[in-house]
Amino acid sequence: MSKNLFKETILRAVLGPTNTGKTHYAMERMIAHKTGMIGFPLRLLARENYDKAVKILGKNSVALITGEEKIIPPTAKYYCCTVEAMPIEKSVSFLSVDEIQLAGDQERGHVFTDRLLNARGTEETIFLGSESIKFLIQSLLPRCKIEIRPRLSTLTYSGTKKITRLKPRSAVVTFSISEIYRIAELVRTQKGGAAVVMGSLSPRTRNSQVDLYQNGQVDFLIATDAIGMGLNLDIDHVAFASNFKFDGNIYRSLSPNEIAQIAGRAGRSSKNGTFGVIDDELMLDKKLVEMVEKHEFPSLLNICWRNSKLDFSSIKALIKSLEIPSSSKFLKRKGNALDLISLTNMSKLSVVKKNQYNKFLISLLWDICQIPDFGNIYSDRHFNLLETLFNYLIEGKIDNDWMKSQIIGLNRIDGEIETLINRIANIRTWTYITNKNNWINDFEFWQNETKIIEDKLSDELHDRLTKRFVDKKIVILAKKLNENKFLEAQVKFDGKVLVEGQEVGYLKGFDFVIGINDSDHATKILSAARKALPKEIDKRVNEFLQSSIESIKLDNKGNVFWMESIIGRMSKGIDIYSPKILLNDLEMLSLDQKNRVRDKCSISLRKKICEVLEDVIKLKELRLNEILENLNLKITSKVKAIAFNVYEELGSTSVKKIPFSLVTLNPDEKLILAKLGLRIGTEMIYLPKLLKPASIKLRSILWSVYNNAYPIQGPPETGRVGCIMDSTISSNYYYFIGYLPYKTFALRVDIAERVNVLIRQESKKGCFQIKEEMLSIAGANKEQMKEILISLNFQIVKNIKSEKDNSILIPFFDKKRNLKNKDNTQKVKKIKKSKKNLKNEFSSSKSPFEILKKLKFK
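About the cut-offs
- Residues numbered from 1 in each chain as written.
- Predicted model: local features only at pLDDT ≥ 70, side-chain atom pairs only at ≥ 80, totals over all residues.
- Heavy atoms only, no water.
- Pairing = 2+ DSSP bridges.
- Helix = DSSP H or I, 4+ residues; strand = E, 2+ residues; numbered from the N terminus.
- Axes fitted to C-alpha atoms, helices over the stretch in contact; angles between N-to-C directions.
- Buried < 20%, exposed > 50% of the residue type's maximum accessible area, 1.4 Å probe, protein only.
- Polar contact = N/O pair within 3.5 Å; in protein donor to acceptor, adjacent residues only side chain to side chain.
- 1 Å grid on protein atoms, 1.4 Å probe; cavity = no way out; pocket = protein on both sides within 12 Å on 5 of 7 lines; lining within 4 Å.
- Points joined across faces, edges and corners; volume = space filled by probe spheres on them.
- Nonpolar A, V, L, I, M, F, W, Y, C, P; charged D, E, K, R; others polar.
- Contact = heavy atoms within 4.5 Å.
- Parallel < 35°, antiparallel > 145°, perpendicular 65-115°, else oblique.
- Left-handed = near helix turned anticlockwise from the far one by under 90°.

**Quick word on the sheet that holds strand 28 (residues 679-680)**
Taken together, three strands build an open sheet; the order of strands is 27-29-28 and the sheet is antiparallel. Of all the strands in the sheet, just strand 27 (652-654) and strand 28 have a single pairing partner and so form its edges. Pairing of strand 28 with strand 29 (residues 684-686) involves two bridges; the strand directions are antiparallel. Counted as the bridge partner of isoleucine 680 is isoleucine 685 from strand 29.

**Examining the sheet that holds strand 20 (residues 496-499)**
Backbone-to-backbone hydrogen bonds join strands into a sheet, with any given pair of strands oriented parallel or antiparallel. Taken in spatial order, the four strands line up as 19-20-21-22 in an open sheet, and their pairing is antiparallel. Two strands in the sheet have a free side with no partner beyond their single neighbour: strand 19 (489-491) and strand 22 (511-514). Going across the sheet, the axis of each strand differs from the next one's by a mean of 25°, ignoring polarity. Bridge count for strand 19 against strand 20 is three bridges, and the pairing is antiparallel.

**Side note on the pairing of strand 16 (residues 273-277)**
Here strand 16 lies mainly inside the structure; four of its five residues are buried. Two strands pair when backbone bridges link them, and strand 9 (residues 155-160) and strand 16 are joined in this way by four bridges, in the parallel orientation. Counted as the bridge partner of leucine 155 is glycine 273 from strand 16. Here strand 13 (residues 237-240) pairs with strand 16 via four bridges, running parallel.

**What to know about helix 30 (residues 782-791)**
Along helix 30, the positions that sit buried rather than exposed are Gln784, Met785, Lys786, Glu787, Ile788 and Leu789. For helix 30, the N-terminal capping position is held by asparagine 781, with its side-chain oxygen 3.1 Å away from the main-chain nitrogen of glutamate 783.

**Re empty space enclosed by the protein**
This structure, assessed with the given rule, holds two cavities of 30 Å³ or more. In this structure, the second largest cavity occupies an estimated 30 Å³ of space. As for the second largest cavity, its lining consists of Ile315, Val352, Asn355, Gln356, Asn358, Leu361, Ile362, Leu365 and Phe390. Counting residues per element, the lining of the second largest cavity draws most heavily on helix 13 (residues 359-369), which supplies three residues. Of the residues that constitute the lining of the second largest cavity, the class distribution is six nonpolar, three polar and no charged.

**As for the environment of alanine 752**
Mapped onto the elements of the fold, alanine 752 is located in helix 28 (residues 749-763). A residue is classified by how much of its surface remains accessible, and alanine 752, at 1% relative accessible area, is buried. Spatially, the C-alpha atoms of alanine 752 and tyrosine 739 are 8.3 Å apart, while their sequence positions differ by 13 residues. Residues within four places of alanine 752 in sequence aside, it is in contact with Leu740, Tyr742 and Leu747.

**Describing the packing of helix 21 (residues 591-612) against helix 26 (residues 693-707)**
The description of two packed helices rests on the angle between their axes and on the distance between the axes. Direction vectors running N to C along helix 21 and helix 26 enclose 130°, while the axes themselves pass 10 Å from each other. When the axis of helix 21 is compared with that of helix 26, the two are oblique. Crossing handedness for the pair helix 21 and helix 26: left-handed. Listed contacts from helix 26 to Lys608, Ile609 and Val612 of helix 21 are Ala694, Ser695, Leu698 and Leu702.

Keep in mind these values describe shape, not function.
Here it is as structure tokens:
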């Protein structure tokens, strides 16, 4: 374009804060010309405005040109492009560049600066952007007329407001992915859901998330500074959750311009907006607040620049031309650009050195080095890709089979969210490559393939983000509420509660279990749901009142269940057999319904106790009159004493607690006790019928409720005749449930009696060892059996080795029993005479076996 043409074109800059209608004005000006071109800072903005232009002008008149997508009809007159992809060599009547202040950006600024200095329309050129670039435009382009546009609405600082207290239509801004996810999870829990916008999302995913917010399905947006540009959203309030960001080089605080750009998303058209922070530590100082509210910021003092007149005569000449410093103090040379770093690395390759003076190949190499790394990881993988592409292209075109092998692995939707984001970044690189038509055979096919994969991954990513950060039920129902529709609710036969077909909870017994997170919409939704519940609740109350005893269950802690739902609990009553029933809140029931349910529970519990513990309850009343009259027997005080003790301890009592010797019982008394179902053992008196699992469980519950002490593991497992004792509760517990406690082990009383009989039989032989039969009957190991034997006053001599089989023998001596076995009489005498010697022998170095041998034990 000639310098004379530069002078003839109208050159203007329309500057101002966000929400001033600058982009809309530029689109109108372009359409007013015969031909035109606008460069946008983002691919999604280029696409958005392309779609708008197509609606007005038709698809044959408008072209879309980005690094990753090209739609260029033969008759196109208007071009919507990304700034980097603008075909500035094409002559158009009107040309505009949006967000021109990005010329100061460290990464992309040099491209915007090049457009500011070199891109012109033949009739009119307009630059759009922030007022912060006004000084530099005046300095670099003195002929440019500057128009300042005021914001259409006011922007006000509202101070600190916690995330949980934010009102609907708010955006929360932070700058790390982990923080975005954390905040989005919190908002989902507290508010029902949020849309997520990050720079790493593909344009399609970003648009889908924005639509989620814009159409009212969610009322909150969690984003990075990606919302600060090009997204026209209905945001009322912007809340900063962080004021630090990583700019590609260092972590730094946000500049006033950046804060204003982001905060300016609040309030659109004539609707006012507010901005603030979520924590007092992030409070903005008064001077900064005043700058943002009045849109008055320090001017940019310089912008990034790189020489655009490149020398392709050699590799060195190209690098040198890229590193030429600017002659203007307002232009700062761009350094450490990825394309220049890639070029420097590639220049070291032998194939490049061989062709270092080939202008065509050097130009090709530079095009390859400009392939973007959308993952922003600057890894060897990216440089290896560039090297492989160069090797193919110097021979002709990219090999289809190799390209297929690279792309096919990206056509997968498995993995976590971060995995999908990485795949999208990689496929976007391939989308860029396939849009280089002269690099590829059948480029239209590959462009379509990469687009299909990118769209597929983007849609999956949108679904994943939505599932993770949005309560879908709230979304659907909120939409109904926004349409001012009456919400219909119903209760399904399985207890599920539906509102407009969406499950919002379920009935569990008499309780309504809410199945949606608390949010601004939840109250209205649950209000609609509760209107459908009274009829079902009344039906359930009637079912409960007519139900059998078996339908009411108890757990080990005395909780009362109906339909697998806890409706109340047992509490201490006047005696161990008469617990009270305390109902849960049961807020869905009326007072009358609660009273009837409690009465039903009390009656059912009493019946259950009477049925399961019938044999012990009759001991209190001694209901044997008819039988005793026929046998001409009378109940004595001894019988009453035994019956009373067994009754008081729920069906079993220790012999030691009887205030008289059992040997004094006469035959008639023994007969009466037998008729009462009682069995008298050496250690315990008990009712065998109350040793069934159901009886033991109920006895355990009654004792626990009455004593407010609950064993950690509950009663012994069904079928277990022995158990490890719970050290956290009294050993009395085991007597009351029909078990005989030892030190750390307890045996069911009937089994304890059997084991005792076996032990006594073995002890008649004098020295004896633990037999497998003992262990089998007791369900115990040897250590537990030792406890039992010690409690029976047997003494233990350990580690006596058998001369025959080297097995461990455990001899026992019964201290109480008076042995009358003739074969053992002499041995007992020797033991008594040698008591003192025995102590000495045990303290000597002799083995226990030698001691016993000396004492002539077999």
